[in-house]
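The lines below spell out each chain.
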Amino acid sequence: MPSSATVGPASACRARVLITDDEPDVRWSLATLLSREGYEPIEAADGPTALELARRNAPDVALLDLNLPRRHGLEVFRDLLEVDPGLPVVVITAHGSPDAARQVASQGAFGYLSKPFNNEDVLFAVGRAAEARRRASATTPAWAPSSPPPSFANPDPIVSELEGGSTVWGCVSTAMRRVADQVRRVAPTEFVVVVLGETGVGKEQVAQAIHRGSRRCAGPFVPVDCGALPDHLVESELFGHERGAFTGADRSRSGRFETARGGTLFLDEIGNLSESAQASLLRAIQDRCATRVGSDTPRRLDARIVVATHARLDDRVAQGRFRRDLFHRLAEFVITVPPLRERPEDIAPLARLFVAQTARELERPNPILTDETLRRLHHHSWPGNVRELRNLMRRAVLWADGDQIEPDHLEFAEASPQSQSNVATPRSSESDSRFQLGNDRDPSPSMSHDEPTGSLKEIVRRHVAVVERQAVAATLKQTGGNLTRAARLLGVDAKTLRTKARAYGLDFRDPDRAGSSGGLEG
Ligand SMILES: Nc1ncnc2c1ncn2[C@@H]1O[C@H](COP(=O)(O)OP(=O)(O)OP(=O)(O)O)[C@@H](O)[C@H]1O
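Cut-offs used in this document
- Residues numbered from 1 in each chain as written.
- Predicted model: local features only at pLDDT ≥ 70, side-chain atom pairs only at ≥ 80, totals over all residues.
- Helix = DSSP H or I, 4+ residues; strand = E, 2+ residues; numbered from the N terminus.
- Buried ≥ 20, exposed ≤ 12 C-beta atoms within 10 Å, placed from the backbone.
- Contact = placed C-beta atoms within 7 Å.
- pLDDT = per-residue confidence, 0-100.
- Core = buried A, V, L, I, M, F, W, Y, C linked by C-beta atoms within 7 Å.
- Pairing = 2+ DSSP bridges.
- Axes fitted to C-alpha atoms, helices over the stretch in contact; angles between N-to-C directions.
- Near = placed C-beta within 6 Å.
- Nonpolar A, V, L, I, M, F, W, Y, C, P; charged D, E, K, R; others polar.
- Expected span 1.5 Å × (residues − 1).

Engineer: Lay out the overall build of the protein chain in plain terms, naming residues and giving numbers.
Structural biologist: When helices and strands are tallied, the protein chain shows 23 helices and 16 strands. A burial count over the protein chain gives 41% of its 522 residues as buried. Within the protein chain, residue pairs in contact and separated by at least 24 positions form 70% of the contacts whose partners lie at least 6 positions apart.

Right, dumping it as structure tokens:
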């Protein structure tokens, strides 16, 4: 067997290895071994997490255990290849299961390891996979604008199953086709892109599509929530700091710009940056280099920049709240994602997409949406846009026991004027008090002080908020404040939980994103 020295990562660029195994000890020992050998391990305990990480981090190699909770390893294997058809996947099979090994080999796995395996086996398999990946990316021609980036037009196989492949992210509207065209046009360039749109319309999704369609697609996609960054931490978060640069800086740390080297830096909620942060960002973009806080040595920056905001940046410029020069520097190309209420033809296909995804995740048959349910969906005004629709459909699947989603399964987090007056269903107190995490941008409708108090509905909503706060607080306590793990335990996305935790004034740590302080800033 060759030694690890002959098969380890060949270049200075560390190969990223996604390790998916539900046993923490196995993950830990694989991650320790691989990082010692110069790889960058990323860990997932189950299939959905693995897919999320594969989308976000573009790993070079995947190590995948077949015995997984929530979703069988074989299905996760196919899903991973949907996300990245070129990803070499080394499957871990149980001792004495040659059938499983044959099956994955016939379906395109790069190789397999049978338990028990030793360190040499692992390093040999991962080394060969990383080398194959490196060679493939060196010979793959850059994506040409005339051919659509495959992962953009059809990011999830469900889209084509549901809609005959004729959708863009599950959408059929002309407006979203235009957005897709803009993405195709701009993705292969180095233009800075500004993505505008209301909260929850899919701005980050657009930014990810730009990344996947770019020549930098093998590099990292690094999102930074500028809205969550306390002013005094912005520079260190973006550009890094040296040890001792300020109180509490007990070690040097690279910034998000450095993390995004070779990939895309996605600056979300850019409209919220303070004046001094705007000045630093402008300098960094103009000079293409930046200096860590506490250092004198400028470092070259090599990240494509995509920014997003739900605010009217031009208004902020007019009001003197956003630098005009930065605005013009950023706005090389602007994409506006329209709100869901302006593209009602997308409601039904998106609803079906989310239902199918959730049913698959819960390993249930795919329920259909009744005509009355679709009518209700069309009467809603969607203040939380696609995120609100997604959350609504996820809850509906959870509560639908049969093969249909009925209007009674729809628990709108926020009533629109139409749905209040025309179609809102009076709900029983029993169903209203179910624990749920609602629209993540409207974390606690019951915390609004404008509402008349005393109605049964209001009493129930307040009750739900109290129960919800307790559940979020207890789960964060259980995870030692780790937001990502708490979100996983609660079965919601981290963004939803972040907003909830902030609204409820709960402290948390957010290892996935910048601005990892608690939510007390509001
Ligand atoms: N066309 C779409 N197809 C499938 N899912 C979508 C689509 N658009 C948005 N989503 C989903 O809706 C949610 C919100 O999307 P995203 O985070 O991209 O919105 P955003 O505009 O960046 O929100 P915010 O302004 O709050 O940051 C995500 O779960 C995303 O996957």
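Engineer: Can you explain the confidence of the model for the protein chain? Please cite residues and give values.
Structural biologist: Averaged over every residue, the pLDDT of the protein chain is 77; residues scoring 70 or more account for 76%. When the elements of the protein chain are averaged for pLDDT, helix α20 (residues 429–432) gives the smallest value, 28, and strand β6 (residues 193–196) the largest, 96. Confidence over residues 1–12 falls short of pLDDT 50; this stretch has 23 contacts with residues more than four positions distant or in other chains. Across residues 139–165, confidence stays below pLDDT 50; counting only partners more than four residues off in sequence or on other chains, it has 39 contacts. Listed scores for the predicted complex are pTM 0.57 and ipTM 0.98.

Engineer: How would you explain the nonpolar core if you had to name every residue and give the values?
Structural biologist: Val-195, Val-206, Ile-210, Phe-257, Leu-265, Ala-351 and Leu-389 are the most contacted members of the largest nonpolar core, which has 71 residues in total. The element contributing the most residues to this core is helix α16 (residues 347–361), with seven residues. Residues within four places of Ile-210 in sequence aside, it is in contact with Val-183, Val-186, Ala-187, Val-193, Thr-264 and Val-306. Counting 38 residues, the second-largest nonpolar core is a separate cluster that includes Leu-30, Leu-68, Val-90 and Ile-92.

Engineer: How would you sum up the sheet that holds strand β2 (residues 40–44)? Please name residues and give values.
Structural biologist: With parallel pairing, the five strands of this open sheet are ordered in space as β2-β1-β3-β4-β5. Two strands lie at the open edges of the sheet, namely β2 and β5 (111–114), each paired on one side alone. Here the strands of the sheet are splayed against their neighbours by 20° on average, with no regard to which way each runs. Here four bridges tie strand β4 (residues 89–93) to β5, and the two strands are oriented parallel to one another. Bridging across to β5, Val-91 finds its partner in Tyr-112. Along the sheet, helix α4 (residues 73–83) contacts β1 (16–20), β3 (61–65) and β4; its crossing angle with β3, the most-contacted strand, is approximately 165°.

Engineer: Just give me the short version of unusual backbone geometry, but keep the residues and values in it.
Structural biologist: Look at Glu-363: it is not a glycine, yet its phi comes out positive at around 55°. Relative to the assigned elements, Glu-363 resides in the loop between α16 and β15 (368–369). With 10 C-beta atoms counted inside 10 Å, the residue Glu-363 sits in the exposed group.

Engineer: So what's going on with the site of the ligand? Which residues, and what values?
Structural biologist: Near the ligand lie 19 residues; those nearest to it are Trp-169, Gly-202, Lys-203, Glu-204 and Val-386. Contributions of two or more residues to the shell around the ligand are made by α10 (203–212) and α18 (385–399). Across the shell around the ligand, the residue classes tally to six nonpolar, seven polar and six charged.

Engineer: I'd like a description of the environment of Gly-402, backed by residues and values.
Structural biologist: Tracing the backbone shows Gly-402 in the loop between α18 and β16 (404–405). For Gly-402, a count of 10 C-beta atoms within 10 Å translates into the label exposed.

Engineer: Before we move on, can you summarise α18 with the specific residues and values?
Structural biologist: For α18, built from 15 residues, the straight-helix expectation of 21 Å at 1.5 Å per residue is met to within 8% by its first-to-last C-alpha distance of 22 Å. Burial analysis of α18 places 13 of its 15 residues in the buried class, which makes it a mostly covered element.

Engineer: Kindly report on the sheet that holds strand β10 (residues 264–268), identifying the contributing residues and their values.
Structural biologist: Read from one edge of the open sheet, five strands run β7-β10-β13-β6-β14, paired in parallel fashion. Taken across any chain shown, the strands that pair with only one partner, and hence form the sheet edges, are β7 (221–225) and β14 (333–336). Along the sheet, successive strands turn relative to each other by an average axial angle of 20°, direction set aside. Pairing between β6 and strand β13 (residues 304–309): four bridges, direction parallel. When the bridges of β13 are listed, Val-194 appears paired with Val-307.

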